[in-house]
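Spelled out from the first residue to the last, the chains are:
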Amino acid sequence: MEANVFEQMAKRYDTEDRIELAKVIVKEVRAELENSKSQSLIDYGSGTGLVSLELTDLVDSILLVDSSEQMLEVAKGKIAQKGITNASVLYSDFTKKTTELKSDIIFMSLVLLHIPDTKKILQKLFHILNDGGKLIIVDFDKNENISHPKVHNGFSHEELKEILSEAGFQSSKIKTFYHGKEIFMKKDASMFIACSIK
């Protein structure tokens, strides 16, 4: 999807539906972040921080990375308003340039479907992770009812496991955790969480 679409959406991005969906994702991800108090987390494709800003109490620091400056402006406002001291933002697009960043945990929520080259981005994230680090992906299960030129129609667990393994990850576990009405391009869909270890 073109970045400018997100730029235009930024100020009205946090709709009730998105906030509700974010709560579902937060609940699932919190369970994966137990015992991560001393760790750094990058939220890649963070948008306005709907999910990751609800996780700041579980990690040492959170860096919200997005390719939309407007989205990050909204996130910055929330960080200031809530008085969050361990979160910061970075305007960057890892699909276009390499980064020297390092992190213990990388989190992506409903972002992978927007990135054309799945394998390439997963390889880049692998290099950013510290040894033993964890990649947490939340996205939609493969959905044949959806067809869009700029978005993957979800992911099959087996295919994703294979790509993660090719990117270098040691082990990956994937499970579907939520079924919702009209949550993916106005169609009913299910979401999975995938956790992979470097």
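Residues numbered from 1 in each chain as written. Predicted model: local features only at pLDDT ≥ 70, side-chain atom pairs only at ≥ 80, totals over all residues. Heavy atoms only, no water.

With an unreviewed UniProt entry as reference, the chain is termed Methyltransferase domain-containing protein, source organism Niallia hominis.

Asks: Is there a simple way to explain unusual backbone geometry in this structure?
Replies: Although it is not a glycine, Met 185 adopts a positive phi angle of roughly 50°. Taking relative accessible area as the criterion, Met 185 reaches 36% and is therefore assigned partly exposed. Here the phi dihedral of Lys 186 falls at roughly 65°; this positive angle occurs in a residue that is not glycine. Position of Lys 186 among the secondary structure elements: in the loop between strand S6 (171-184) and strand S7 (187-197). Relative accessible area serves as the criterion here: at 70%, Lys 186 is assigned to the exposed category. (Buried < 20%, exposed > 50% of the residue type's maximum accessible area, 1.4 Å probe, protein only. Helix = DSSP H or I, 4+ residues; strand = E, 2+ residues; numbered from the N terminus.)

Asks: Can you help me understand the UniProt feature "domain: Methyltransferase" (unreviewed entry) in the chain in this one?
Replies: UniProt annotation of "domain: Methyltransferase" (unreviewed entry) refers to residues 37-156 when read in the numbering used here. The span residues 37-156 is 21% helix and 29% strand, and its two end C-alpha atoms sit 32 Å from each other. (UniProt positions renumbered as here; feature names shortened; annotations may be inferred.)

Asks: Sorry, what's going on with the nonpolar core here?
Replies: Note on soluble globular proteins: their nonpolar side chains tend to be buried together. With 65 residues, the main nonpolar core has Tyr 44, Leu 122, Leu 125, Leu 135 and Ile 137 as its most contacted residues. Among all residues touching Ile 137, those that are not within four sequence positions of it are Met 108, Leu 112, Leu 122, Leu 164, Phe 192, Ile 193 and Ala 194. (Core = buried A, V, L, I, M, F, W, Y, C linked by side-chain atoms within 4.5 Å. Contact = heavy atoms within 4.5 Å.)

Asks: Sorry if this is basic, but what is going on with the sheet that holds strand S4 (residues 103-109) here?
Replies: Two modes of strand pairing occur in sheets, parallel and antiparallel, and in both the strands are linked by backbone hydrogen bonds. In spatial order, the strands read S3-S2-S1-S4-S5-S7-S6; together these 7 strands make up an open sheet with mixed pairing. Each having just a single partner strand, strand S3 (87-91) and S6 make up the two edges of the open sheet. If you compare each strand with its neighbour and ignore which way they point, the axes differ by 20° on average. When strand S5 (residues 129-140) meets S7, the two strands line up antiparallel, connected through 7 bridges. (Pairing = 2+ DSSP bridges. Axes fitted to C-alpha atoms, helices over the stretch in contact; angles between N-to-C directions.)

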